[in-house]
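# What the coordinates show
Chain residues, written in single-letter form:
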Amino acid sequence: MSQFHPPGMIVVFNGTSSSGKTSLALEVQRQAPELQLLHLQLDAFRAMEPPGYWSTEHRDQTPLRLEALCRAMNKAAAEFARCGQNVIMDHVLTPKVSGYLLEDLIGHRVLFVKVFCAIEELERRESGRQDRPSGLARSQLASVHSGCSYDLEIETTSRPASDLGHILAGWLRNGPQTEAHTRLQRARNAA
């Protein structure tokens, strides 16, 4: 038997690879433990993929696999929120991926946070990582924020995650309105 509980909020951190989304999410969790924010990472879902999953020999399956990946993340976030849990989604949105998100999260309290960083810093961070191909962040720059609307923008080039986490934690504690989600849903419905 389930008890009544208010639905949780979903906070979407959108930015390129190496922009600092994961560091921010971990910092917000640390600085705002009372919010009990779950960190739903794109990387965790990608870690489930077998070797060669996105190889050219499976190119005909790429659209379906991309949709499955995105919708699985969205459904997980939606179920956590339905059960009263707060979620940070660590994502790289493109127009198509944003469409899946808007379809799957109708009726949920969704906040959008733009996480961005100067290209020189993105490339410096990327070169220090063993789990990212060179040029990934640059390849995402053109589409990651295309057609998106945000409730808050966070620039990570030179400020430490601890400072930015403090800003985000305070913002979330103040119960921000989901204006970007509303704008995006209206634009989608008008199209």
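Described in the following lines is the structure provided in the data block. The structure displayed is predicted, hence computed values, not measured ones. (Residues numbered from 1 in each chain as written. Predicted model: local features only at pLDDT ≥ 70, side-chain atom pairs only at ≥ 80, totals over all residues. Heavy atoms only, no water.)

### Quick look at helix α1 (residues 21-31)
Of all the positions in α1, only Lys21, Leu24, Ala25, Glu27, Val28 and Gln31 are classed as buried. Projected down its long axis, α1 shows its buried positions confined to an angular sector of 165 degrees, all on one face. Where α1 is buried, its residues touch β1 (9-14), β2 (37-41), β3 (86-91), β4 (109-116), β5 (152-155) and α7 (161-173). (Buried < 20%, exposed > 50% of the residue type's maximum accessible area, 1.4 Å probe, protein only. Helix = DSSP H or I, 4+ residues; strand = E, 2+ residues; numbered from the N terminus. Arc of directions from axis to C-beta. Contact = heavy atoms within 4.5 Å.)

### Considering the pairing of β1
Among the six residues of β1, six are classified as buried, and the element is accordingly described as predominantly covered. Neither face of β1 is open: one carries Met9, Val11 and Phe13, the other Ile10, Val12 and Asn14, and all of them are buried. As defined by bridge partners, β1 adjoins β4 across six bridges and the pair is classed as parallel. Along β4, the bridge assignment pairs valine 12 with phenylalanine 112. Across five bridges, β1 lies against β3 in parallel orientation. Bridge pairing in β3 places asparagine 14 opposite histidine 91. (Pairing = 2+ DSSP bridges.)

### Description of unusual backbone geometry
Look at serine 18: it is not a glycine, yet its phi comes out positive at around 70 degrees. As for its placement among the helices and strands, serine 18 is situated in the loop between β1 and α1. Of the residues examined, serine 18 reaches a relative accessible area of 6% and is grouped as buried. Here the phi dihedral of glutamine 36 falls at roughly 50 degrees; this positive angle occurs in a residue that is not glycine. Here glutamine 36 is to be found in the loop between α1 and β2. Owing to a relative accessible area of 57%, glutamine 36 belongs among the exposed residues under this scheme.

### Here's the deal with the packing of aromatic side chains
Under the definition given, this model contains one aromatic pair. A centroid spacing of 5.4 Å and a plane angle of 90 degrees characterise the contact between tyrosine 53 and tryptophan 54, whose relative ring orientation is edge-to-face. Tryptophan 54 gets classed as partly exposed once you look at its relative accessible area, which sits at 29%. Above the plane of the ring of tyrosine 53 lies arginine 65, whose end atom (NZ or CZ) is 4.1 Å from the centre. Its guanidinium or amino end placed over the ring of phenylalanine 116, lysine 114 lies 5.1 Å from that ring's centre, counting from NZ or CZ. (Phe/Tyr/Trp six-rings, centres within 6.5 Å; stacked < 30°, edge-to-face > 60°. Lys NZ or Arg CZ within 6 Å of the ring centre and 35° of its normal.)

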